[in-house]
Amino acid sequence: MAKKDKKNKKDQEAPVDLAARIGARPEPPPTPASAPPPKKAEPPQPARLDAPLPPRPREERPREERVRPKTTPPAQDPGSMEWPSPIPPIDQRIEPAIPSTRTPPGPGETDLVVTPLPTPDDWHRFELALRRVRGVGQLKTEYYRHSVLKVRVSYSGADRLAHLLRAGVPGYRVRVIGEDRKTLQILVASESDERRPG
């Protein structure tokens, strides 16, 4: 039995050609790399000269080695030089206007900017109260951001809208902080806010 074990060990240690087992063509044995061709004998280096080499004729010199006459610009005082303006001329600065989806208020309309209305519920309650004011028609919300509401109000009445809003929006105290021909800015405080303990 010892002989079989020795024979099996030899078979196990020998490399196995797996490609031949699956039917692949056997690879040819690698050919040894050919020796590099012998180097040609280099010409002997010329004796070193400690002096600079003589210049080559113009045709032989590479383009970058050709001598260019150096011209130095005359020294000028920076204060007397003309510098280009950093601001372009007016004709070049004019750009076409960015088209806006917002339009100015039409006849009988006013933009009403209301602050502070901290929550969307406050905004909704204020719009409902504003609809009850005499002379106020259609309300169109422009935007509501960061507790600021902008509403386009159509108003038809004898008094100015600012006077009418000061007189009373049901449930709110109104203070006018800015007024223009077509814009009105107001501060509001609900009457229920004043009663809350703070």
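Details of the structure are given in the entry above.
Right, let's walk through the structure included here. (Residues numbered from 1 in each chain as written. Predicted model: local features only at pLDDT ≥ 70, side-chain atom pairs only at ≥ 80, totals over all residues. Heavy atoms only, no water.)

This part takes up the overall build of the protein chain. A tally of helices and strands in the protein chain yields six helices and five strands. Counting from the amino terminus, helix and strand elements in the protein chain follow one another as α-α-α-β-α-β-β-α-β-β-α. Expressed as a percentage of its 198 residues, the buried residues of the protein chain come to 19%. Carbon and sulfur atoms make up 55% of the accessible area of the protein chain, which totals about 17800 Å². (Helix = DSSP H or I, 4+ residues; strand = E, 2+ residues; numbered from the N terminus. Buried < 20%, exposed > 50% of the residue type's maximum accessible area, 1.4 Å probe, protein only. Areas by Shrake-Rupley, 256 points an atom, 1.4 Å probe, with all protein chains shown as cover.)

What follows deals with the layout of surface pockets. A water-sized probe, rolled over the atoms, reveals where empty space remains. Taken as a whole, the second largest pocket encloses approximately 180 Å³ of empty space. Thr110, Arg160, Leu161, Glu179 and Arg181 are, among the 13 residues lining the second largest pocket, the residues nearest its centre. Only strand 1 (109–115), helix 5 (161–167) and strand 5 (183–190) provide two or more residues apiece to the lining of the second largest pocket. Tallied by class, the residues present in the lining of the second largest pocket amount to four nonpolar, three polar and six charged. (1 Å grid on protein atoms, 1.4 Å probe; cavity = no way out; pocket = protein on both sides within 12 Å on 5 of 7 lines; lining within 4 Å. Points joined across faces, edges and corners; volume = space filled by probe spheres on them. Nonpolar A, V, L, I, M, F, W, Y, C, P; charged D, E, K, R; others polar.)

Attention shifts here to the nonpolar core. Counting residues in each nonpolar core, the largest one holds 25 residues, and the members touching the most others are Leu112, Phe126, Leu130, Leu165, Val169 and Ile186. When residues of this core are traced back to their parent elements, those giving at least two are strand 1, helix 4 (120–131), strand 2 (136–145), strand 3 (148–155), helix 5, strand 4 (172–179) and strand 5. Sequence-distant contacts of valine 169, defined by excluding residues within four places in its chain, comprise Phe126, Ala129, Leu130, Val133 and Val174. (Core = buried A, V, L, I, M, F, W, Y, C linked by side-chain atoms within 4.5 Å. Contact = heavy atoms within 4.5 Å.)

Moving on to the pairing of strand 5. Across the two faces of strand 5 the burial differs, with Leu184, Ile186, Val188 and Ser190 buried and Thr183, Gln185, Leu187 and Ala189 not buried at all. For strand 1 and strand 5, the ladder comprises five bridges, and the chain directions are parallel. From the neighbouring strand, valine 114 faces strand 5, where its bridge partner is isoleucine 186. Where strand 4 meets strand 5, seven bridges bridge the pair, whose relative direction is antiparallel. Looking across to strand 5, one finds that arginine 173 is bridged to alanine 189. Where strand 4 folds back onto strand 5 in an antiparallel hairpin, the turn is made up of three residues. (Pairing = 2+ DSSP bridges.)

Our focus in this paragraph is the pattern of salt bridges. Taken as a whole and assessed by the stated rule, the structure comprises five salt bridges. Note that lysine 150 is salt-bridged to aspartate 111, the shortest N-O span being 3.7 Å. Of this pair, lysine 150 sits in strand 3 while aspartate 111 sits in strand 1, placing them 39 residues apart in sequence. Neither residue differs from the other here; lysine 150 and aspartate 111 are each classed as buried. A salt bridge links arginine 125 to aspartate 122; the nearest nitrogen and oxygen atoms lie 2.9 Å apart. Highlighted residues: arginine 125 and aspartate 122, both in helix 4, separated by three residues, approximately one helical turn. Exposure remark for arginine 125: the relative accessible area of 46% places this residue in the partly exposed category. (Salt bridge = Lys/Arg side-chain N within 4 Å of Asp/Glu carboxyl O.)

A sheet is described by the order of its strands in space; here five strands give the open sequence 2-3-1-5-4, paired in mixed fashion. Of all the strands in the sheet, just strand 2 and strand 4 have a single pairing partner and so form its edges. Shown here is a sheet whose adjacent strand axes are inclined to one another by a mean of 30°, direction ignored. Each of strand 1, strand 2, strand 3, strand 4 and strand 5 touches helix 4; the most contacted strand, strand 2, lies at about 165° to it. (Axes fitted to C-alpha atoms, helices over the stretch in contact; angles between N-to-C directions.)

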